[in-house]
Amino acid sequence: MMDFTTIVFYIFAALAIFAAVRVVTARNPVHAVLFLVLTFFNVAGLWLLLQAEFLAMVLVMVYVGAVMVLFLFVVMMLDIDIERVRQGFWNHLPLGLTIGLLMVTEMAIVLAGKYFGLNVLPAPVMAPGYINTKELGRLLFTDYVYPFELASVVLLVGIIAAVMLTLRHRTDVKHLDPSRQIAVKAKDRLRIIKMASEREQGE
């Protein structure tokens with residue numbers, strides 16, 4: 001007899017797998033992004049069941065609330081040739097299925113190990129008053145501070161590279177040059193013309 005937590009786990013896991021499959025099989029890119037958002041929500045539910053509240057909230061706030069909204073706007077604004085994107089789908093399908101099968105096998109070994117006496121992933125013993133968010137922060141900024149800083153630099157380089165790769169100088173678009181605006185003088189913008197005063201009629 002399964003308890004309520006196990007039933008919720010299977011519901012979230014099934015929805016996450018279904019949404020992940022629809023991400024790679026949906027014909028419309030907008031629908032694929034929306035299915036990816038659904039996948040993130042279900043994975044966040046799984047994190048909550050594992051008592052990792054911080055990771056669940058970060059997944060929803062950062063990926064769903066920021067990254068996926070940005071992806072959705074980019075996909076909706078770009079003129080994507082869907083047929084051209086899907087040309088290589090069947091060519092890469094065997095490799096994708098192989099990697100997916102390998103991942104499913106690994107997860108099955110980890111999750112079903114306790115039923116066969118393998119003890120692949122023993123449950124850790126938590127001390128009283130243990131807070132996973134506090135422990136994560138302590139490890140991140142003490143033992144793993146250099147990898148954390150290195151990852152920050154890599155992300156910064158990625159942001160700069162993305163901006164430089166997408167930067168295009170178009171001649172058919174009007175744009176402002178801040179340096180020319182700052183260098184302008186008052187006499188270049190304002191011209192005073194002296195005109196003779198006109199007399200009223202009847203004088």
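The following paragraphs examine the structure supplied in this document. Residue numbers restart at each chain and count upward from 1, following the sequence in its written direction. Where local features are concerned, this predicted model is filtered to residues with pLDDT of at least 70; where side-chain atom pairs are given and counted, the filter is 80 or more; whole-chain, interface and lining totals use all residues. Note that water and hydrogens are dropped before the side-chain values are worked out from all heavy atoms of the structure.

### Examining the overall build of the protein
Part 1 of the argument: In this text, helices come from DSSP runs of H or I with a minimum length of four residues, and strands from runs of E with a minimum of two, each type numbered from the N-terminal end. A tally of helices and strands in the protein yields 9 helices and 0 strands.
Part 2 of the argument: Going from the N terminus to the C terminus, the protein shows its helices and strands as α-α-α-α-α-α-α-α-α.
Part 3 of the argument: Across the 203 residues of the protein, 10% fall into the buried class.
Part 4 of the argument: Within the protein, residue pairs in contact and separated by at least 24 positions form 54% of the contacts whose partners lie at least 6 positions apart.
Part 5 of the argument: Here the Shrake-Rupley method, with its probe set to 1.4 Å, supplies the accessible areas, and only the displayed protein chains count as covering residues. In the form shown here, the protein has an accessible surface area of approximately 18,100 Å², with 69% of it arising from carbon and sulfur atoms. Classification of residues uses two cut-offs on accessible area relative to the type maximum, computed with a 1.4 Å probe and protein chains only: under 20% is buried, over 50% is exposed, and between them is partly exposed. We call two residues in contact whenever any of their non-hydrogen atoms come within 4.5 Å of each other.

### A few points about the packing of helix α1 (residues 4–25) against helix α2 (residues 29–49)
Part 1 of the argument: Between N-to-C directions, angles span 0 to 180 degrees; the directions come from axes that are lines fitted to C-alpha atoms, helices contributing only their stretch in contact. Interaxial distance between α1 and α2 falls to 8 Å at its minimum, and their mutual angle equals 155 degrees. Relative to α2, the element α1 lies roughly antiparallel. The element α1 and its partner α2 pack so that their crossing is left-handed. Mapping the contact onto sequence places Thr-5, Val-8, Phe-9, Phe-12, Ala-13, Leu-15, Ala-16, Phe-18, Ala-19, Ala-20, Arg-22 and Val-23 in α1 and Ala-32, Phe-35, Leu-36, Leu-38, Thr-39, Asn-42, Val-43, Gly-45, Leu-46 and Leu-49 in α2.
Part 2 of the argument: The class makeup of the residues in the contact of α1 with α2 is 17 nonpolar, 4 polar and 1 charged. Roughly parallel refers to an angle under 35 degrees, roughly antiparallel to one over 145, roughly perpendicular to one between 65 and 115, and oblique to any angle outside these ranges. The crossing is said to be left-handed when, going from far helix to near helix, the turn is anticlockwise and less than a right angle, and right-handed when the turn is clockwise. Under the convention adopted here, Pro, Cys and the residues Ala, Val, Leu, Ile, Met, Phe, Trp and Tyr are nonpolar, Asp, Glu, Lys and Arg are charged, and Gly plus all remaining residues are polar.

### Re the packing of aromatic side chains
The geometry of an aromatic ring pair comes down to the distance between the two centres and the angle between the two planes.
Part 1 of the argument: Working definition: rings of Phe, Tyr and Trp (its six-membered ring) pair if their centres are within 6.5 Å, and the pair is stacked with planes under 30 degrees apart, edge-to-face with planes over 60 apart, and tilted otherwise. Evaluated as defined, the whole model comprises 4 aromatic pairs.
Part 2 of the argument: With centroids separated by 6.2 Å and ring planes inclined at 85 degrees, the aromatic side chains of Phe-18 and Phe-35 adopt a geometry described as edge-to-face. You can see Phe-18 sitting in helix α1 and its partner Phe-35 sitting in helix α2, a full 17 residues away along the chain.
Part 3 of the argument: On the basis of an interplanar angle of 70 degrees and a centroid distance of 5.2 Å, the ring pair of Phe-141 and Phe-148 is categorised as edge-to-face.
Part 4 of the argument: Take Phe-148: its relative accessible area is 29%, and that puts it in the partly exposed class.

### As for the nonpolar core
Part 1 of the argument: What makes a nonpolar core is a set of buried Ala, Val, Leu, Ile, Met, Phe, Trp, Tyr and Cys residues whose side-chain atoms join them at distances within 4.5 Å. Of all hydrophobic cores here, the largest spans 9 residues; its members are Val-33, Val-37, Phe-40, Ala-44, Ala-56, Leu-59, Val-64, Met-68 and Val-75.
Part 2 of the argument: Among the elements that take part in this core, helix α3 (residues 53–77) stands out by supplying 5 residues, more than any other.

### A short note on the side chain of Thr-39
Part 1 of the argument: Within the secondary structure, Thr-39 is located in helix α2.
Part 2 of the argument: For Thr-39, a relative accessible area of 10% gives the class buried.
Part 3 of the argument: In protein, a polar contact means a hydrogen-donor-capable atom and an acceptor-capable atom, both N or O and within 3.5 Å, with residues adjacent in sequence counting only if both atoms are side-chain atoms; elsewhere, any N or O pair within 3.5 Å suffices. A distance of 2.9 Å separates a polar side-chain atom of Thr-39 from the backbone oxygen of Phe-35.
Part 4 of the argument: For Thr-39, the contacting residues outside a window of four places in its chain are Ala-16, Ala-19, Ala-20 and Val-23.

### Quick look at the environment of Leu-48
Part 1 of the argument: Inspection of the secondary structure puts Leu-48 in helix α2.
Part 2 of the argument: For Leu-48, a relative accessible area of 41% gives the class partly exposed.
Part 3 of the argument: Separated by 39 residues in sequence, Leu-48 and Phe-9 place their C-alpha atoms 10.0 Å apart.
Part 4 of the argument: Contact partners of Leu-48, with chain neighbours within four places excluded, come to Glu-53, Ala-56 and Met-57.

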